[in-house]
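One letter stands for each residue in the lines below.
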Amino acid sequence: MTEHPNVTIAGDDGVVVASLSGEIDLSNAAEITHTLLGGVPNEALGLVIDLSEVSYLDSAGVRMLAELDHRLGWRAQALRVVAPEESRSRRVLEIAGLERVLSLDTSVVTARSSIEESNEEPELPPD
Amino acid sequence: MAAGWAYREVVVDVDPAAKVVLYTDGLIDRRDLALEEGLERLLAAASSERGRPVEPVCRELINALVPSEAADDIALLAMERLRVRDEAFRLRMPAEPAELRRMRRALGGWLRGIGVELEDTNDLVLACAEACSNAIRHAYGPSAGTVDIEARRDDGAVEVVVRDFGRWRQRRGQDGGRGLALIEALAPSMRIERSERGTVVTMRRTLRGSVSV
């Protein structure tokens, strides 16, 4: 797995949580994309990207998230993005219209449980 | 000054462009000159100096009104409201992605320094970074050129101009327009002028928090 100073990856229960930090722009978005894709094993249910500690995000970050969504979609893996209300990242994603495309959450806990719940097999009615 | 004198407080409206001259009576009250005539001379001398810095005005008023052997001590205070003009922000950056961070720091620091509020600052820095990123992505070949950034405050707005000296290629991929869409949302009066000599992106944003000068 490649490492990147702006990325911390933790995984459990099949959901990978990647916490990003610092500034994401044209200088590092491609490397971060690469690191994130390398951090999601084939058996993972999905990826949560936590932008809570990101201090700067622009269209390079927006492109990055759109590409990740696209690539994970091929493999039927879910992507959820955590961007707290009132945060700078949230504002940028909203201006860019990405809140209509991506699934945004305000905490890692809700993002993770959304992925887990959507994966639960529907219970068969008792005979 | 006799004890028991009462001083009145008065409020006088002063035209913002006016010069205010305060003086002690030694300036015009002279044995060889009627008070009215002294006042007239002072007004004439002060009016003739309109639009000049106040320091030489003080010297010239004293030269014009006071004979070399002054009988009384004289104090003179001249005030003028200066129109504060911000120095414009200018930065030339190499057209390299790794330079964007430094540009954001510099522009953000300048905007905060002239009193622009945080959200306006963040949005203007973002809009500028998008224009610079576009120039980096589209204007030059792999042997990169430079991008010039200029910003100035203009009443309640800030104008940021990003200039490159290359020729934008046809955009490749479907994501090329994301940056421009962001700029348009942040600075709705964006204009792009393309010419043989390069591309100029002009962004103007009316400040949310109006800043008093």
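Only a predicted model underlies this, so the values are computations on that prediction, with no experimental measurement involved.

Enquirer: How should I be thinking about the overall build of chain A in this particular structure?
Expert: Secondary structure summary: chain A contains four helices and five strands in total. Counting from the amino terminus, helix and strand elements in chain A follow one another as β-β-α-β-α-β-α-β-α. A globule of 127 residues ought to have a C-alpha radius of gyration of about 14 Å, and chain A, at 15 Å, matches this closely. Across its three principal directions, the C-alpha atoms of chain A cover 60 × 30 × 25 Å. For chain A, the share of sequence-separated contacts (at least 6 apart) that also reach a separation of at least 24 residues comes to 71%. Accessible surface computed for chain A: about 6,500 Å², of which carbon and sulfur atoms make up 48%. Here chain A holds 9 positive side-chain charges and 23 negative ones, and the gap between their average locations is 9 Å.

Enquirer: Explain the packing of helix H1 (residues 29-38) of chain A against helix H2 (residues 59-74) of chain A to me, please; I cannot follow it from the model alone.
Expert: Axis angle and axis distance: for two packed helices, these are the angle between their axes and the distance between the axes, and together they describe the pair. All names here are of chain A. Between H1 and H2, the shortest axis-to-axis distance is 9 Å and the interhelical angle comes to 25°. Judged by the inter-axis angle, H1 sits roughly parallel to H2. The chirality of how H1 crosses H2 is right-handed. Residue-level inspection shows Ala29, Ile32, Thr33, Leu36 and Leu37 of H1 in contact with H2, the latter providing Ala60, Met64, Glu67, Leu68 and Arg71. A per-class count over the contact of H1 with H2 returns seven nonpolar, one polar and two charged.

Enquirer: How should I be thinking about the pattern of salt bridges in this particular structure?
Expert: Oppositely charged side chains can form a pair if their charged atoms are brought close together. The full count for this structure, using the stated rule, is 23 salt bridges over all chains. Of the charged contacts in the structure, one is a salt bridge between A:Arg80 and A:Asp105, with a shortest N-O distance of 2.7 Å. A residue pair is termed long-range when its members are at least 10 positions apart, and A:Arg80 in strand E4 (residues 78-82) and A:Asp105 in strand E5 (residues 103-105) qualify at 25 residues. Note on accessibility: A:Arg80 and A:Asp105 belong to one class, buried. A salt bridge links A:Arg88 to B:Asp123, with the nearest nitrogen and oxygen atoms 2.7 Å apart.

Enquirer: Can you help me understand a nonpolar patch on the surface in this one?
Expert: Residues and elements named next belong to chain B. A cluster of nonpolar side chains, Val10, Val12 and Val14, forms an exposed patch at the surface whose accessible area comes to about 280 Å². Tracing the backbone through its elements, the reader meets Val14 in the segment before strand E1 (19-23). Judged by its relative accessible area of 46%, Val14 is partly exposed.

Enquirer: Help me understand the interface of chain A and chain B, please; the structure alone is not making it clear to me.
Expert: When the parts of a complex come together, some accessible area is lost, and that lost area is often taken as the interface size. Opposite the 17 residues of chain A that make contact, chain B presents 22 residues. When residues of chain A are sorted by the area they lose upon contact with chain B, A:Glu23, A:Leu26 and A:Arg63 head the list and together hold 34% of the total. The tally of links between chain A and chain B comes to seven salt bridges. Put simply, A:Arg91 and B:Asp123 hold a salt bridge, and the shortest N to O gap is 2.4 Å. Taken together, chain A and chain B are joined by eight residue pairs in polar contact (both at pLDDT 80 or more). Mapped onto the side of chain A that touches chain B, the elements with two or more residues apiece are strand E3 (46-57), H2 and helix H3 (88-95) of chain A.

What counts and how
- Numbering of residues starts from 1 in every chain and runs along the sequence as written.
- To label them, take the chains in the order written and letter them from A, then take the ligands in the order written and number them from 1.
- The model is predicted, so local features are restricted to residues of pLDDT at least 70 and side-chain atom pairs to those at 80 or more, both for listing and for counting; the totals for chains, interfaces and linings are taken over all residues.
- Side-chain measures here rest on the full set of heavy atoms in the structure, leaving out hydrogens and waters.
- Here a strand is any run of E in DSSP of at least two residues, a helix any run of H or I of at least four, and the numbering for each starts at the N terminus.
- As a reference, a globule follows 2.2 Å times the number of residues to the power 0.38, and the radius of gyration itself is taken over C-alpha atoms.
- Any two residues having at least one pair of non-hydrogen atoms within 4.5 Å are treated as being in contact.
- Here, Shrake-Rupley sampling with a 1.4 Å probe gives the accessible areas, and only protein chains in the shown set may cover a residue.
- This count recognises Lys and Arg as positive and Asp and Glu as negative, with His and chain-terminal groups excluded.
- Just so you know, the charge point we use is NZ for Lys, CZ for Arg, CG for Asp and CD for Glu.
- Axes, fitted as lines to C-alpha atoms, cover a helix only where it is in contact. Angles between the N-to-C directions of the axes lie from 0 to 180 degrees.
- Here the word oblique covers every angle except those under 35 degrees (roughly parallel), over 145 (roughly antiparallel) and from 65 to 115 (roughly perpendicular).
- For any pair of crossing helices, the crossing counts as left-handed if the nearer helix is rotated counterclockwise from the farther one by less than a right angle, and right-handed if it is rotated clockwise.
- For this scheme, ten residues count as nonpolar: Ala, Val, Leu, Ile, Met, Phe, Trp, Tyr, Cys and Pro. Four count as charged, namely Asp, Glu, Lys and Arg, and the remainder, Gly too, count as polar.
- Between Lys or Arg on one side and Asp or Glu on the other, a salt bridge is scored when a side-chain nitrogen of the former is within 4 Å of a carboxyl oxygen of the latter.
- Each residue is placed in one exposure class: buried if its accessible area under a 1.4 Å probe, protein chains only, is under 20% of its type's maximum, exposed if it is over 50%, and partly exposed if it falls in between.
- Patch construction takes residues with relative accessible area above 30% that form no salt bridge. Like charges are linked within 9 Å, and nonpolar side chains (Val, Leu, Ile, Met, Phe, Trp, Tyr) are linked within 5 Å.
- Buried area: the accessible area, evaluated with a 1.4 Å probe, that two parts lose upon being put together, summed over both parts.
- Pairs of N or O atoms within 3.5 Å make up the polar contacts considered here, provided that, within protein, one atom can donate a hydrogen while the other can accept it, and that residues adjacent in sequence are counted only when both atoms are side-chain atoms.

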